[in-house]
Every structure is written in structure tokens, then in C-alpha cells.
Amino acid sequence: MTYIEVDGVTKRFGDVVALDDVSFEVPAGEFVIVLGVSGSGKSTLLRTMSGLLSPTDGEIRIDGEPMLAPRPEVAMIFQQHNIIGDMSAYANALSGGINQFGFFSSVLQLQDESEKHRALDALDTVGLLGESEQKARRMSGGQQQRVGIARALVQRPNVLLADEPVASLDPGSAQDVMGYLRSASEERDLTTFCSLHQVNIARKFGHRFIGLRDGKKVFDGYRDDLTIDVIDDLYGDIDTEGMFVSRENDAENVADDVATT
Ligand SMILES: Nc1ncnc2c1ncn2[C@@H]1O[C@H](COP(=O)(O)OP(=O)(O)OP(=O)(O)O)[C@@H](O)[C@H]1O
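Residues numbered from 1 in each chain as written. Predicted model: local features only at pLDDT ≥ 70, side-chain atom pairs only at ≥ 80, totals over all residues.

A short note on the nonpolar core
Ala93, Leu123, Ile149, Ala150 and Leu161 are the most contacted members of the largest nonpolar core, which has 65 residues in total. Per-domain counts for this core show at least three residues from each of domain 1 (1–73 + 159–261) and domain 2 (84–156). Excluding residues within four positions of it along the chain, alanine 93 makes contact with Ala119, Ala122, Leu123, Val147, Ala150, Arg151 and Val154. (Core = buried A, V, L, I, M, F, W, Y, C linked by C-beta atoms within 7 Å. Buried ≥ 20, exposed ≤ 12 C-beta atoms within 10 Å, placed from the backbone. Domains from an automatic or database assignment. Contact = placed C-beta atoms within 7 Å.)

What follows is the structure, given as C-alpha cells:
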């Protein structure tokens, strides 16, 4: 079953063409990573898929329904965690129900037992059950981003959209967070779409890859197709040495590769 359909999408901001007639389909359950240099249109694509932006031309359908505005079954994870430092990891995760259950019931903590269970379950999925009472501001950047993932999971999405979720993290924490994102996606049968700058991390965790250049889709393929030539083509003059790890070094099963801390 095709879950996400991006059908001839163009997005213009004045004279800037951020997306130029982009089309692809993503079947349910795929873990797709969008690659491309800064300004190639990755964030615009994700924000358009989430319903935060409207395409100038074309249409995005998720589960057959045009994406005209944000919907609870499509959760978005941002680079800037979007969590509240003074609240515990648990309270932050619980606030993921805001879209479904209303702002006031969320703030007043009027959630029922099943919502509370869902928040704890989501924290467990990202390996933070033991830290659920800890204030978010006392947590590392990687842990905060994992709280951000838990918060998105509480929304009970079918689709996860993650816009550069590890851009501000050191390489070790970035791998941890990507591992949890991938395992959460597998555990909960989610269709996941994630933009990344780091090609090595993308290659380790991605299932399928879409490459953008100047708003156009210039690559769409699976891990074996993502060769050094494709990377060079996507990143142009940027020195891509070291961005590419051979297949032998890829994790065979990244779900088993998730750190346990
Ligand atoms: N709100 C906006 N108003 C005007 N131009 C915009 C807006 N958002 C994006 N753009 C332009 O659209 C193009 C694509 O930007 P976008 O942020 O999607 O790229 P990106 O690949 O996500 O870049 P980065 O990796 O730096 O986040 C750029 O030229 C950018 O300046």
C-alpha cells in the first residue's frame, strides 16, 4: 500500500523555487532519508508534507487524503527539540497529546490513564523510562531529542516526519538518536521521512534515499544505489571524502545497534 504520495509538488517563495515539480510515492513502513546541500529544499519538502506549508502546485496525499493542514496521524520532529526545559521528560512526552486532546486538558494534566501509559511507553521506546522524572533542561542534547521523539509518538502517528533531527548533536549522540528513531519506527510500523546532512549516518540508518538539488528530485533509490558518484553528484564541489562508508561497515541490523543508555 502506498502511504505517502507527493504528486508534482512545486513550492515558490516569491522568485525562489524551493521545490520544483517533485513526485514520489512511499509505501507504508519505509524509512526514507532526504539528502541534499543546504538550500536544496529538504525542510520545505518536510514542512509541505506535514501540512504546515501549502504547495504552490501539485498535491501531497497521506493515506489517500490530501494534506491541506497538519493532522494528528502525521507527527513532526524538529531540530530544535521543541520541548520545555522546566518540565520533566514525562510531562513533555505527555504534552504530545495536545493535538488530539486539546491544549487545556494537556496543560492541566487532565489526561486519562491510557494517555499516561502511552507517554511512559513512548519514553520506554526511546530508552528514557528511567529518566522520566528528570527535568528536560538537565538532559543532554541527545536525550532531549529522544524526549522529542517520545512526544511525537504519544500523538499515535502513522507517519513521522523528522526535519534534521540530529543536526545539532555530536556524532555519537546523533547515531544514538537515529537508532532510536529507526527502532521506534519499526516497532510501531510507522512510515518515516527524515532529512539529514550527515551522509554516513543517513547510509547507516536509511532504507531508501531521496536526493534534492535546487528543489528538484535528482535521486531516488535504495542503499545499494547510493554510490559515491551519486553522493558527489548531490554535493557537487563539497569535499565528500569521508562521507561514504563501504557496505561492510554498515550496520546489518540497525535496530540491534541502538545504544542502551
Ligand atoms: N519562508 C521562506 N521564505 C523565503 N524563502 C524560503 C523560505 N523557506 C525556504 N526558503 C528558500 O527556499 C530554498 C530551500 O530552503 P530549505 O530550507 O527548504 O532548504 P534545506 O535543504 O532544508 O536547507 P538547510 O539544510 O540549510 O535547512 C532556499 O533557497 C531558501 O532560502
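Comments concerning the environment of arginine 137
Residue position: arginine 137 is located in the loop between α5 (113–125) and α6 (141–154). Look at arginine 137 and you get exposed, because 11 C-beta atoms sit within 10 Å. When the C-alpha atoms of arginine 137 and alanine 89 are compared, they prove to be 9.3 Å apart, with 48 residues separating the residues in sequence. (Helix = DSSP H or I, 4+ residues; strand = E, 2+ residues; numbered from the N terminus.)

Comments concerning the site of the ligand
If you check the shell around the ligand, you find Phe13, Val16, Ala18, Gly36, Ser38, Gly39, Ser40, Gly41, Lys42, Ser43 and Thr44 and nothing else. At the level of elements, β2 (16–27) and α1 (42–49) are the ones that each hand at least two residues to the shell around the ligand. A total of three residues in the shell around the ligand trace back to one element, the largest contributor, which is α1. Across the shell around the ligand, the residue classes tally to three nonpolar, seven polar and one charged. (Near = placed C-beta within 6 Å. Nonpolar A, V, L, I, M, F, W, Y, C, P; charged D, E, K, R; others polar.)

Regarding the domain arrangement of the protein
Looking at the protein, the domain boundaries give domain 1 (1–73 + 159–261) and domain 2 (84–156). The interface of domain 1 with domain 2 comprises 16 residues on the first partner and 14 residues on the second. A total of seven residues in the side of domain 1 that touches domain 2 trace back to one element, the largest contributor, which is helix α7 (residues 171–187). Its residues assigned to classes, the side of domain 1 that touches domain 2 comprises nine nonpolar, four polar and three charged.

Description of the sheet that holds strand β10 (residues 216–222)
In space, the six strands of this open sheet follow the order β6-β7-β8-β3-β9-β10, with mixed pairing throughout. Two strands lie at the open edges of the sheet, namely β6 (74–77) and β10, each paired on one side alone. The sheet shows a mean angle of 15° between the axes of neighbouring strands, direction not considered. In this sheet, strand β8 (residues 191–195) lies alongside strand β7 (residues 159–163) in parallel orientation, the contact comprising five bridges. Directly across from leucine 161, in β8, lies its bridge partner phenylalanine 193. Strand contacts of helix α9 (residues 228–235): β3 (31–35), β9 (208–213) and β10, with the helix running at about 160° to β10, the strand carrying the most contacts. (Pairing = 2+ DSSP bridges. Axes fitted to C-alpha atoms, helices over the stretch in contact; angles between N-to-C directions.)

Some thoughts on the confidence of the model for the protein
Mean pLDDT for the protein: 86, with 83% of residues reaching 70 or above. pLDDT under 50 marks residues 247–261. Its contacts with residues more than four places away, or in other chains, come to 20 contacts. (pLDDT = per-residue confidence, 0-100.)

Thoughts on the packing of α5 against α6
Relative to each other, α5 and α6 sit at 135°, their axes nearing to 8 Å. Considering their axes alone, α5 and α6 lie oblique with respect to each other. Crossing of α5 over α6 shows right-handed handedness. Within the contact between the two elements, α5 uses Arg118, Ala119, Ala122, Leu123 and Thr125 and α6 uses Ala150, Leu153 and Val154. Of the residues contributing to the contact of α5 with α6, the split by class is six nonpolar, one polar and one charged. (Parallel < 35°, antiparallel > 145°, perpendicular 65-115°, else oblique. Left-handed = near helix turned anticlockwise from the far one by under 90°.)

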